[in-house]
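# Descriptive analysis of the structure
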Amino acid sequence: MRIGLALGGGAARGFAHIGVIKALEARNVRVDLVAGTSAGSVIAALYASGMNGIAINKLALTMDEASISDWAMPFRTRGILQGVALQNYLNKTLDNRPIEKMAKPLGIVATDLKSGQPILFQRGNTGVAVRASCSVPSIFEPVKIGEREYVDGGLVSPVPAAFARKMGADFVIAVDISARPESGLTSSSFDVLMQTFTIMGQTIKAYELDKYASAVIRPNLAAMSSSDFSQRNASILAGEEAVAKIWPTLQRQLAESGARV
């Protein structure tokens, strides 16, 4: 039986995914494939490359936010950030390994800007695909791949459980790090934009999780802003705590499905 991990979007709250991975590894849960949307695609790529949770944790704590930020020129009006710095950072970290050469099957979800349809990248340049998946409209410039332009995957698949199924998972562990609308922080323009995403994506997310997720892990991130990278330690810890809380139920579900834990 193949276990898939679906990592959702949530900007800086994405550090919680690391805690989830660490906690699952500590409990000997073997993940066979991973799909990621937006911030989840960054962690998904690192995890699929063969890095374990502890290694990703170390990388996250030493990462300089400035190293993944590249301001667009004033005359460019399609986004504040280009996203090339994030692309280059990830490719350098992964030794320029393409998606299809990862240790685990990797799927990265983005949105076709023209058609509004989701796309699952399973081949090609990892950094470019992740950059596309993370390209929040008006914050990042759209990413051109081939003849098409792509933006944030969270518009069409906030937590990519359906795509983990599509990749062949029999049991999907979905990680939802998005804020609930009633608890969303709106202290900055970025927070307001992310809150808008949350409101728009509620119905899509609820449907996808109900239909395709075998188990859903929801770290308690109510006090954390999507734009606050200074709380990465707290986010990671929240991910670990969420797994500990759900573990008795998850362990039973895995056992009933035939997974070896």
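Quick summary incoming for the structure in this document. The structure presented is a predicted model; accordingly, all values stated were derived computationally and were not measured.

With that settled, the discussion passes to the layout of surface pockets. Its volume calculated, the second largest pocket comes out at about 230 Å³. As for the second largest pocket, its lining consists of 14 residues, of which Ser-178, Ala-179, Arg-180, Arg-218 and Pro-219 are closest to the centre. Within the lining of the second largest pocket, the residues separate by chemical class into five nonpolar, four polar and five charged.

Here we take up the pattern of salt bridges. The full count for this structure, using the stated rule, is seven salt bridges. For Glu-100, the salt bridge goes to Arg-123, with nearest N and O atoms at 3.8 Å. Taken together, the positions of Glu-100 in the loop between α4 (84-93) and β4 (106-112) and Arg-123 in the loop between β5 (118-121) and α5 (126-133) put the pair 23 residues apart, joining distant regions of the chain. Looking at Glu-100, the relative accessible area reads 33%, which means it is partly exposed. Within this structure, Asp-176, Lys-205 and Arg-218 form a network of salt bridges that share partners.

Another point: the packing of aromatic side chains. Going through the model one piece at a time under the given rule, you end up with two aromatic pairs. Between Phe-15 and Phe-229, the ring centres sit 5.9 Å apart and the planes meet at 85°, which makes this aromatic pair edge-to-face. Placement of the pair is Phe-15 in the loop between β1 (3-7) and α1 (16-26) and Phe-229 in the loop between β10 (215-217) and α8 (232-257), with a sequence separation of 214 residues. For Phe-15, a relative accessible area of 8% corresponds to the buried category. Judged by centre distance (5.3 Å) and plane angle (75°), the ring pair of Phe-121 and Tyr-150 falls under edge-to-face. One end of the pair, Phe-121, is in strand β5; the other, Tyr-150, is in strand β8 (residues 148-152), and 29 residues separate them in sequence. Grouping residues by exposure puts Phe-121 and Tyr-150 together as buried. Positioned above the aromatic ring of Tyr-47 is the side chain of Lys-104, whose terminal nitrogen or guanidinium carbon lies 5.2 Å from the ring centre.

Definitions and cut-offs
Residues numbered from 1 in each chain as written. Predicted model: local features only at pLDDT ≥ 70, side-chain atom pairs only at ≥ 80, totals over all residues. Heavy atoms only, no water. 1 Å grid on protein atoms, 1.4 Å probe; cavity = no way out; pocket = protein on both sides within 12 Å on 5 of 7 lines; lining within 4 Å. Points joined across faces, edges and corners; volume = space filled by probe spheres on them. Nonpolar A, V, L, I, M, F, W, Y, C, P; charged D, E, K, R; others polar. Salt bridge = Lys/Arg side-chain N within 4 Å of Asp/Glu carboxyl O. Helix = DSSP H or I, 4+ residues; strand = E, 2+ residues; numbered from the N terminus. Buried < 20%, exposed > 50% of the residue type's maximum accessible area, 1.4 Å probe, protein only. Phe/Tyr/Trp six-rings, centres within 6.5 Å; stacked < 30°, edge-to-face > 60°. Lys NZ or Arg CZ within 6 Å of the ring centre and 35° of its normal.

What is shown is where atoms sit, not what they do.
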